[in-house]
Amino acid sequence: MKQDTIRTWGWIHKWTSLVCTVFLLMLCLTGLPLIFHDEIDAALNPDAWTPAKPGGERLDLDELLAVALDHRPGEVPIFMSFDIDRPVVNVTTGPTAGAPGPEMHFASFDATSGDLVPPADVGEDVMHFILQLHTDLFLGLPGMLFLGFMGLLFVLSVVSGVVLYAPFMRKLPFGTVRRDRTRRLRWLDWHNLLGIVTVAWVLVVGVTGIINTLEQPIIDTWKYRELADLVAPYGDQAPPEQFTSLDAAVARAVAEAPGMELQFVAFPGSGFSTSHHYAVFLHGRTPATERIITPALVDAGTGHFEGLREMPWWVKALSLSRPLHFGDYGGLLLKIVWTQLDIITIYLLVTGLYLWWKKRRQALPPPGFGPADRGASEPGPS
Amino acid sequence: MNARRSLWRVFGAPLLLGILSLAGLIWALLVEGPVDLVASLAAGCGLAVVAWTLVRRP
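Residues numbered from 1 in each chain as written. Chains lettered and ligands numbered in written order. Predicted model: local features only at pLDDT ≥ 70, side-chain atom pairs only at ≥ 80, totals over all residues. Heavy atoms only, no water.

Section: the sheet that holds strand 3 (residues 105-110) of chain A
Residue and element names in this part refer to chain A. Reading across the sheet, the 8 strands line up as 4-3-2-1-5-6-7-8 and stay open at both edges, with antiparallel pairing between neighbours. Edge positions in the sheet fall to strand 4 (116-117) and strand 8 (305-308), since each has one partner strand and no second. One ladder, built from 6 bridges, connects strand 5 (residues 260-266) with strand 6 (residues 277-284); its direction is antiparallel. Directly across from Glu261, in strand 6, lies its bridge partner His283. Against the sheet, helix 10 (residues 246-255) touches strand 1 (76-82), strand 5, strand 6, strand 7 (293-299) and strand 8, its axis set at about 40 degrees to strand 6. (Pairing = 2+ DSSP bridges. Helix = DSSP H or I, 4+ residues; strand = E, 2+ residues; numbered from the N terminus. Contact = heavy atoms within 4.5 Å. Axes fitted to C-alpha atoms, helices over the stretch in contact; angles between N-to-C directions.)

Re the environment of Leu355(A)
Within the secondary structure, Leu355(A) is located in helix 12 (residues 332-362). Residues Leu355(A) and Gln242(A) lie 113 residues apart in sequence; the distance between their C-alpha atoms is 65 Å.

A closer look at the environment of Gly303(A)
Residues and elements named next belong to chain A. The topology assignment puts Gly303 in the loop between strand 7 and strand 8. Classification of Gly303 by relative accessible area gives partly exposed; the value is 27%. Along the primary structure Gly303 and Leu25 are separated by 278 residues, whereas in three dimensions their C-alpha atoms are 50 Å apart. Aside from chain neighbours lying at most four places away, what touches Gly303 is Thr244 and Val298. (Buried < 20%, exposed > 50% of the residue type's maximum accessible area, 1.4 Å probe, protein only.)

Structural notes on the nonpolar core
Ranked by size, the top nonpolar core spans 54 residues in total, and within it Phe154(A), Val197(A), Trp201(A), Tyr329(A), Trp338(A) and Leu25(B) carry the most contacts. When contributions to this core are tallied by element, the ones reaching two or more residues are helix 1 (3-35), helix 5 (140-169), helix 6 (183-197), helix 7 (199-213) and helix 12 of chain A together with helix 1 (7-30), helix 2 (35-43) and helix 3 (45-55) of chain B. Residues contacting Phe154(A), with those up to four places away along its chain left out, are Cys20(A), Leu24(A), Val202(A), Thr345(A) and Leu349(A). By size, the runner-up hydrophobic cluster in this structure holds 26 residues, among which are Leu61(A), Leu64(A), Val89(A) and Val298(A). (Core = buried A, V, L, I, M, F, W, Y, C linked by side-chain atoms within 4.5 Å.)

Things to note about a negative patch on the surface
On the surface, Asp38(A), Asp41(A), Asp121(A), Glu124(A) and Asp125(A) cluster together into a negatively charged patch. At the level of secondary structure, the elements contributing two or more residues to the negative patch comprise helix 2 (37-44) and helix 4 (124-136) of chain A. (Patch = residues over 30% accessible without salt bridge, like charges linked within 9 Å, V, L, I, M, F, W, Y side chains within 5 Å. Areas by Shrake-Rupley, 256 points an atom, 1.4 Å probe, with all protein chains shown as cover. Salt bridge = Lys/Arg side-chain N within 4 Å of Asp/Glu carboxyl O. Lys, Arg positive; Asp, Glu negative; His and termini not counted. Charge placed at Lys NZ, Arg CZ, Asp CG, Glu CD.)

What about a nonpolar patch on the surface?
On the surface, Trp11(A), Trp15(A) and Val19(A) cluster together to form a nonpolar patch covering roughly 340 Å² of accessible area. Counting through the fold element by element, Val19(A) comes out in helix 1.

Some points on the domain arrangement of chain A
Domain assignment breaks chain A into domain 1 (3-39 + 129-212 + 332-373), domain 2 (48-119) and domain 3 (228-308). Look at where the C-alpha atoms of domain 1 of chain A and domain 2 of chain A centre, and you get two points 44 Å apart. (Domains from an automatic or database assignment.)

Re helix 11 (residues 313-326) of chain A
Residues and elements named next belong to chain A. The end-to-end C-alpha separation of helix 11 is 20 Å, in line with the 20 Å expected for 14 residues at 1.5 Å each. Along helix 11, the sharpest kink reaches roughly 25 degrees, centred on Leu320 and followed within four residues by the proline Pro323. Within helix 11, the full set of buried residues consists of Trp314, Val315, Leu318, Ser319, Ser321, Pro323, Leu324, His325 and Phe326. The first or second residue beyond helix 11 is Gly327, which carries a positive phi of 70 degrees. (Expected span 1.5 Å × (residues − 1). Bend = angle between axes of the 7 residues up to and from the residue.)

Quick look at the interface of chain B and chain A
Across the contact, 33 residues belong to chain B and 37 residues belong to chain A. Around 2900 Å² of area is buried between chain B and chain A when both sides are counted, 75% of it from carbon and sulfur atoms. Joining chain B to chain A, the criterion identifies 0 salt bridges. For the pair chain B and chain A, the interface holds 4 residue pairs in polar contact (both at pLDDT 80 or more). (Buried area = accessible area lost by both parts, 1.4 Å probe. Polar contact = N/O pair within 3.5 Å; in protein donor to acceptor, adjacent residues only side chain to side chain.)

Structure below.
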């Protein structure tokens, strides 16, 4: 590799790393507890709840919805979701169907009796704070897009680091850590080794993180492009005043999708539906398909089944990006692996800063051409 | 040590680790049960190199 090429990649590596490091440190630190959010929630909220009628018949969804709305007079339903391992239905309501997150209210109900299920919310504020900081810096969409840009810089930093790894390692065997040399060289060797052995994971988490920051634009695009034909006939008409039976709509959707299971319902006007439809979201039953959701749309005024709308590939990519980013999909061992890799990334960020600071103070020559590094150019921030 | 290590010699081991790790990450997404353990170990194969580097004698 020519000296000019190395300088160019070194410049890219230095500046992309320096700009994003603080934010990446925050993301790595806040990401650690998020890997174990299920375990933390379970530990803080031991589930002592039992249904009123264990094994009893479930109320139909219209009854449960009516109960939920009785608890929140003046509000409208936004989402309804279903616990997997217990007969519990969760209803999200708000002043309007399009209300933002902070104005939404979430409550859980015993599907056998309609009784309120005590919220498992010990520690919820802390986890919510961490998730919000990790997701959008409490700034909503601008915060998400900003973090997405930081993620893009991070990916560039990783790619440039891989490019610079080649001239650096040309004369060194894989896995070299020169323990008998200066602290700076030792740190540099560790930086290179840890960076190159974790590069696949780092790129997966980085790229899926970028995709996740585009969630809102992706969902909006799906609605306006893929559902446009459903929305068009209604023009500017107001949503139906009387909704048809939710239970019948869900039953119809489930019947039309053999091999799929109910995941949640988005009510008319909510972020995941049109202003005139129940969007009944279903997912597959196999490990490969359970994260791919497919909405079935039912006219909320007439009950007419509009059909299943398979998500386009870019929405499926978003669905798969969530587990691949948070690492909460493969059991405890994968979570432990994820944690170790996250900690290594923190180490990489810190050593990168250290190497940049030391080099800046020592005013060493360009990477790979100074007497201290003879025969070894430096992929770390210079 | 050969002073002119080819690109393959520089990137061979990292490439194999990367492919194995990537395969493990995706495999864990597609399977359930005990085989998850194997997928998780593959995803974390880079950690084995780190551990080996830590414990080996200079």
